[in-house]
Amino acid sequence: MELSTDYMGLALRNPLVASASPLSRTVDGVRRLADSGVGAVVLYSLFEEQLRREAALNARLADAGTESFAESLSYFPAVAEEEPGPRHYLSLLERAAAAVEVPVIGSLNGVTPGGWAGYARAMQEAGAAAIELNIYYLPGDPHISGRDVEQRHIDVLTRVKDAVTVPVAVKVGPHFSSTGEMALRMDDAGANGLVLFNRFVQPDIDPDTLTVVSTVDLSSQAEARLPRTWIALLYGRVRAALAATTGVEEPADVARYLLAGADVVMTTSALLRHGPEYAAVLLDGLSAWMARKGFAAVDELRGILSVAPGTDEATHERAGYVGALRKANRSAYGPW
Ligand SMILES: Cc1cc2nc3c(=O)[nH]c(=O)nc-3n(C[C@H](O)[C@H](O)[C@H](O)COP(=O)(O)O)c2cc1C
């Protein structure tokens, strides 16, 4: 079975990619993912806040001078208690990239076009085959306009693109007024890949303890429908590669995304649930399904259930909605 895939110019042995998660926090973790058969590994994200903290620390150390060096050292414990910093990240990236055959992609999480974008270059120098820019931005301030939010994405992308020569993928959420136009704008701004979609943490309320609880839940299969709908719509309409993320639990989910038009299919929740070795189960299942359906290569099936170019997309989506509602009204949920 021919599973080899091009992703942003990177030659992958197959289209299954381990997306950013705690599974890539160690070299052994990355090696386990690679050994399980994935085509590439995205490291967990290095956060803009971590970079700012380190920059502030360095500035304070420089200001302090040698006579107050002892005092400067007292800053370190506070930082050490936090997440591993950028130096640790770059070292992990360098060792992981050297340890495995598959491409290792560095992930930067930032929402402002600040000087930290230079870290993308440091990631490249440490051996990142590409950069995934994880723009996790929820405009909580109700005065921020939609256009400003969009521009912020473009500005961050442009800064990172200027800093590196390796491909840059952008991981975004689905909450734009016109997700399609935003995809076109990112494509025009030079995004080599679009990773659809980021899942936003949605805090819950615990009525017993009267507290707000923020947790990162694992995904469910049904959540794949939103990114899949957009991948099917964007297929053939952007130059950027399309990476699917969210809701892959079984081999059929990988097949669904490829049929919609994904270049690569990412997975985290399934690997956290079943262990990194589950990637081999997903890949074996994909090959078995391809054999049953008579496909010899992923290129033969990619995008065959996308929205065909030339379709009136708005009418297409509206027809799907109206048709589904009619069907539901006729039978699915009645009679009461
Ligand atoms: C525990 C956990 C940690 C994650 N950490 C990151 C991260 O550091 N950076 C990132 O871009 N996405 C992160 N994600 C999101 C995943 O990469 C992925 O996009 C998301 O979970 C949807 O895919 P899935 O349904 O296969 O889990 C994390 C997800 C989980 C569950």
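These lines cover the structure that appears in this document, whether it is placed above or below.

Basis of the calculations
Residues numbered from 1 in each chain as written. Predicted model: local features only at pLDDT ≥ 70, side-chain atom pairs only at ≥ 80, totals over all residues. Heavy atoms only, no water. Buried < 20%, exposed > 50% of the residue type's maximum accessible area, 1.4 Å probe, protein only. Helix = DSSP H or I, 4+ residues; strand = E, 2+ residues; numbered from the N terminus. Pairing = 2+ DSSP bridges. Core = buried A, V, L, I, M, F, W, Y, C linked by side-chain atoms within 4.5 Å. Contact = heavy atoms within 4.5 Å. Near = heavy atom within 4 Å. Polar contact = N/O pair within 3.5 Å; in protein donor to acceptor, adjacent residues only side chain to side chain. Areas by Shrake-Rupley, 256 points an atom, 1.4 Å probe, with all protein chains shown as cover. Nonpolar A, V, L, I, M, F, W, Y, C, P; charged D, E, K, R; others polar. Axes fitted to C-alpha atoms, helices over the stretch in contact; angles between N-to-C directions. Right-handed = clockwise from strand over helix to strand, strands pointing away. Phe/Tyr/Trp six-rings, centres within 6.5 Å; stacked < 30°, edge-to-face > 60°. Lys NZ or Arg CZ within 6 Å of the ring centre and 35° of its normal. Arc of directions from axis to C-beta.

Burial within strand E5 (residues 104–109) is extensive, with six of its six residues counted as buried. Here E5 shows no split at all, with Val 104, Gly 106 and Leu 108 on one side and Ile 105, Ser 107 and Asn 109 on the other all buried. Here five bridges tie strand E4 (residues 40–47) to E5, and the two strands are oriented parallel to one another. Paired with Val 42 across the bridge in E5 is Ile 105.

Before going further, it helps to spend a moment on the nonpolar core. One finds Met 123, Ile 131, Leu 133 and Met 186 to be the most contacted residues of the largest nonpolar core, which totals 84 residues. Among the elements that take part in this core, helix H12 (residues 278–293) stands out by supplying seven residues, more than any other. Beyond its immediate chain neighbours, meaning those up to four positions away, Leu 133 contacts Leu 108, Trp 116, Val 156, Leu 157, Val 160, Val 168, Ala 169, Val 170 and Lys 171. The next biggest cluster of nonpolar side chains, apart from the first, holds 15 residues, and it includes Tyr 7, Ala 40, Val 42 and Ala 243.

Attention now moves to the site of the ligand. Taken together, 18 residues surround the ligand, and among them Ala 20, Ser 45, Ser 219, Gly 247 and Ser 269 come closest. The side chain of Ser 269 places a nitrogen or oxygen atom 2.5 Å from an oxygen atom of the ligand. In the complex, 87% of the free accessible area of the ligand, which totals 610 Å², lies under the protein chains. When residues of the shell around the ligand are traced back to their parent elements, those giving at least two are E4 and helix H11 (269–274). Classifying every residue of the shell around the ligand by side-chain character gives six nonpolar, ten polar and two charged.

Moving on, we get to the sheet that holds strand E7 (residues 168–172). With parallel pairing, eight strands are arranged side by side around a closed barrel as E3-E4-E5-E6-E7-E8-E11-E12. Taking each pair of neighbouring strands and ignoring which way they run, the sheet shows an average axis angle of 25°. Relative to strand E8 (residues 193–196), E7 runs parallel, the two being bridged by four bridges. Residue pairing across strands places Val 170 opposite Leu 194, the latter belonging to E8. Packing against the sheet, helix H6 (residues 118–125) makes contact with E4, E5 and strand E6 (130–134), and its axis sits at approximately 165° to E5.

As for its placement among the helices and strands, Ser 269 is situated in helix H11. With relative accessibility at 9%, the residue Ser 269 sits in the buried group. With sequence-adjacent residues up to four places away left out, Ser 269 is seen in contact with Leu 218 and Ser 219.

This brings us to the pairing of E8. Of the two faces of E8, the one lined by Gly 193 and Val 195 and the one lined by Leu 194 and Leu 196 are each fully buried. For the handedness criterion, the β-α-β arrangement of E7, helix H8 (residues 179–188) and E8 is classed as right-handed. Pairing of E8 with strand E11 (residues 241–244), which is carried by four bridges, proceeds in the parallel orientation. Each bridged residue has a counterpart across the sheet, and for Gly 193 the counterpart in E11 is Ala 241.

Under the counting rule described, the total for this entry stands at three aromatic pairs. Measuring from centroid to centroid gives 5.1 Å for Tyr 44 and Tyr 89, while their planes differ by 75°, and the two rings are edge-to-face. Here Tyr 44 is found in strand E4, whereas its partner Tyr 89 is found in helix H5 (residues 86–99), with 45 residues between them in sequence. Across the pair, exposure class does not vary: Tyr 44 and Tyr 89 are buried alike. Above the plane of the ring of Tyr 44 lies Arg 25, whose end atom (NZ or CZ) is 3.9 Å from the centre. Stacked on the ring of Tyr 257, the Lys or Arg Arg 228 has its end atom at 5.3 Å from the ring centre.

Bringing helix H1 (residues 27–35) into the picture now. Turning to H1, its buried residues are Val 27, Gly 29, Val 30, Leu 33 and Ala 34. Buried residues of H1, viewed axially, fall in a sector of 160°; they line one side. Turned more than 90 degrees from where H1 packs its buried face, Asp 28 and Asp 35 sit exposed. Where H1 is buried, its residues meet strand E3 (16–18), E4, H5, E5 and H11. Looking one or two residues beyond H1, the residue adopting positive phi is Gly 37, at roughly 115°.

In this structure, Phe 197 follows Leu 196 across a cis peptide bond, with omega equal to -5°. Of note in the backbone geometry, Met 8 takes a positive phi value of approximately 55° without being a glycine. Along the chain, the position of Met 8 falls in the loop between strand E1 (5–7) and strand E2 (10–12). A positive phi angle, near 115°, is found at Thr 246, a position not held by glycine. Inspection of the secondary structure assignment puts Thr 246 in the loop between E11 and helix H10 (251–260). Here Thr 246 falls in the buried class, since its relative accessible area comes to 8%.

Scope: geometric values only; no functional claims are made or implied.
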